[in-house]
Every structure is written in structure tokens, then in C-alpha cells.
Amino acid sequence: MKIVRRDLVPNGPGSVKMVPEEADDLWLAYNLIARGDTVLAVTVRKVLREAASGGRDAERVKLKLEIKVEAVDYDKEGSILRIRGKNILENEHVKIGAFHTLEIELHRPFVLRKEVWDSLALDELHQASDPSASADLAVVLMQEGLAHIFLVGKSVTMTRSRIETSIPRKHGSAIAGYDKALNKFFENVLQAFLKHVDFNVVRCSVIASPGFTKDQFHRHLLLEAERRQLRHIIENKSRIILVHTTSGYKYCLREVLDAPNVMNMIKDTKAAQEVRALKEFFTMLSNDPARACYGPKHVEVAYERMAVQTLLITDELFRNSDVVTRQKYVNLVNSVKNSGGTALIFSSMHVSGEQLAQLTGIAAILRFPLPDLEDIEM
């Protein structure tokens, strides 16, 4: 995210002009923009004009509008942020109070104004403008006849391609057809890999599968790179890692992120911290259940008793339209940090965030056991 201008008071009012430069930036903007904020951007609106014939013609006009936010929608596939609200800027084409939907796309600047820039919003702003926080990882998750290519960013996991090919069984006379179908499948995956994996952006690329599919495709990739002189693959072959998974479906991404050789490559990134913390939580929950809890009520009681060592919370809880509820979670994060604990805000667009959301979206690893928590209703 490119920050063009910043004019704000911490825990007070102010505005920031920014330009989203990648898909991750739109997701961060989605988490920053809350109901009640105002957003100023250039937009296009259809207006009616009097025609010479006496009728009325519709014309699309470029306008600068500022709207008071009522709803925000993030379109992951199209990389667009849609912000709906009422216009508050005097304009000859759009009345004050008229509804309008702003569409924020990549490289389109906008100004966000808030009445209160709380600590969480400032953290998100800092994260958005920190280029070193980008943690892109390309993952080819495959099994015979099926492959997915994912890009794991600092906040968003995006499915870039899905390749499916029917492969006959490897028996008797069908073996020739099997080899031909497998080569065709590998060629389709290779084309998708060349299209979506840019080694100038990603730290490393992972090829993952059950069995030997990953090894066969890796060999095909390197042989074709030599044959076709694909320099960017030949020069970066040390950054291609092989990992064993149980299938080629998205839920196995957590097995990829958990693999020690991948973790070493991305250990300082947000995605890796989330995976490590969630693994630690589940280990604690099975080995010493009195030192792990989840659910708002249980975590709140644990915090009141100064027992929270690591707080795990999804960004979805902060998008609550109720300002008081949002502030409650912001205060909880700040208090845990101030008391020497760790607070990790999980992206609900990562596989680890999806897992945490299934556990109510909030959990904690405790400093000391609280066995009586089980008696409290969640």
C-alpha cells in the first residue's frame, strides 16, 4: 500500500490518502474501513441530461464523491472493494444524502477519514505500508489429475488456478494412455505455473502432493525449463521446495505451511506466525487442556485473571458494526500486549484464520492452568 498523505491524531480524528498496489492492500483496506467512516474517491455515475430534442439522455460522468460508509464488500476474485453509503460532498450531479457505491480497484487512490484512529487501525496502517511484511509464497498443491495454484500473501490466500485432467488407470493396455494423459496434465500445470508464479515477488515456490506426483512434476518442470531455456525457473530452482501432503485440496495448505523446510523460508512472516501459534494452541489443548481456552466468555474470564499469555483472534471480529464490541476487542488486544503477552490477529483469508473462525474466532494460550473455566457457560 502506498501512503500518499497522512494527517491524523492517534486515538483521535484524521485522514489518510492511500493507493492500493496489490490484492493484499485491498484486503487491508477492507479491514480498515468501518461503518461511520468517510471515503473520498473519483467515481463514475450515470446522470440524465436534457437533450436538444426535448428528451433526456443518460451519460456517464466522472465525479469526485465523499460518502459516509454504511457497508463494505470485498470481491476477492475481481480484486475490487465496494463501499456503499450516502454522499456528503456538494455536487451538481449527486445530491447530498443520495446513495452511491464507490468501487476501489488497484492503483486507484482514495482518502479515508475516521473520527477515531484507534491502535488497531494504526497497526493495520503500519502493516499495509511496510513492504518487508509481504510474504508471498506460491503453492502448487496436486494429486494425479488435479492441481491448484495458490498465492499466499501477508493477509490473503488466493486461488490462482485449478487444473483438472482425466487420467486413465495404470493397468495393462491402458498404460500408454496413462503416460500420455499424465504428460498432458503436467504440461497444463506447467503453463499455469509460468503464468502465475513470479520469482521477483514470491520468496519460494512449493510443489506438494501425496505419493510421487510432486517429484514427477518437479522433474518435468526442470527438464522443460532446460529444453525451453526458461531462465527464471533455471535460476530459481533452489527456491522450489517439495512437500508431502495428504491430498491436492485447499485444506492441505496448513500441512504445507507447517512443513519445516517451508517454515524456514517464511519464518519471519505473518502467515508463519499464525500457523505456529495455532499449532501451539492445539498442542496445548490436547496435552494440557486447563492451559488453553476459546470462546469470548472463556477468554474474557482468563484475561480478567491475568492468565492470557498468547491471544489468537480473527480480523473478522473487528469488522463488527457495533462500535462498542469492536472497541472491546481492541482494548483486549492492547491490554494483553501491555501485560507482556502476545496478541496475534489472524487473517480470515488464510487457512489458519479459517480454522480459528471455526473455534468462535477467539482463543488463548494461558500462563497458568484454569481448570474451573470448563464450568463457565460459553
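Above this text sits the structure in question.
Residues numbered from 1 in each chain as written. Predicted model: local features only at pLDDT ≥ 70, side-chain atom pairs only at ≥ 80, totals over all residues. Heavy atoms only, no water.

## So, the sheet that holds strand 13 (residues 292-294)
As a reminder, the rule being used: Paired strands, as defined in this entry, are two strands with at least two bridges between them according to DSSP. Numbering of helices and strands runs from the N terminus, with a helix taken as a DSSP run of H or I at least four residues long and a strand as a DSSP run of E at least two residues long. Axis definition: a line fitted to C-alpha atoms, limited for helices to the stretch in contact. Angles are taken between N-to-C directions and run from 0 to 180 degrees.
With mixed pairing, the four strands of this open sheet are ordered in space as 13-16-14-15. Whereas interior strands pair on both sides, the edge strands pair on one side only; in this sheet they are strand 13 and strand 15 (342-346). The average undirected angle you get between the axes of adjacent strands in this sheet is 15°. Bridge count between strand 13 and strand 16 (residues 362-366): three bridges; the pairing is antiparallel. By the bridge assignment for strand 16, Cys-293 is matched with Ala-364.

## A few points about unusual backbone geometry
Generally, phi is negative for residues other than glycine and the peptide bonds are trans, each holding for most cases. Phi angles above zero are rare outside glycine, and His-107 is one such case at about 65°. Mapped onto the secondary structure, His-107 falls in the loop between strand 6 (99-105) and strand 7 (110-114). The backbone of Gln-229 shows a phi angle near 55°, a positive value even though the residue is not glycine. Counting through the fold element by element, Gln-229 comes out in the loop between helix 4 (213-228) and helix 5 (231-234).

## Some words on the side chain of Thr-310
Test applied: For this analysis, residues touch if any pair of their heavy atoms sits within 4.5 Å.
Here Thr-310 shows up in strand 14 (residues 308-314). In this view, Thr-310 contacts Thr-342, Ala-363, Ala-364 and Ile-365; residues no more than four positions away in its chain are not counted.

## So, helix 11 (residues 351-358)
Spacing of three or four residues puts side chains on the same side of an α-helix, whose turn is 3.6 residues. The cut-off we apply is this: Buried means the residue's accessible area, taken with a 1.4 Å probe over protein chains only, is under 20% of the maximum for its type, while exposed means over 50%, and partly exposed covers the values in between.
Within the sequence span of helix 11, burial applies to Val-351, Ser-352, Gly-353, Gln-355 and Leu-356. Where helix 11 is buried, its residues meet strand 10 (157-164), helix 6 (253-258), helix 8 (270-287), strand 14, strand 15 and strand 16. Just downstream of helix 11, Thr-360 is the residue with a positive phi angle, here 75°.

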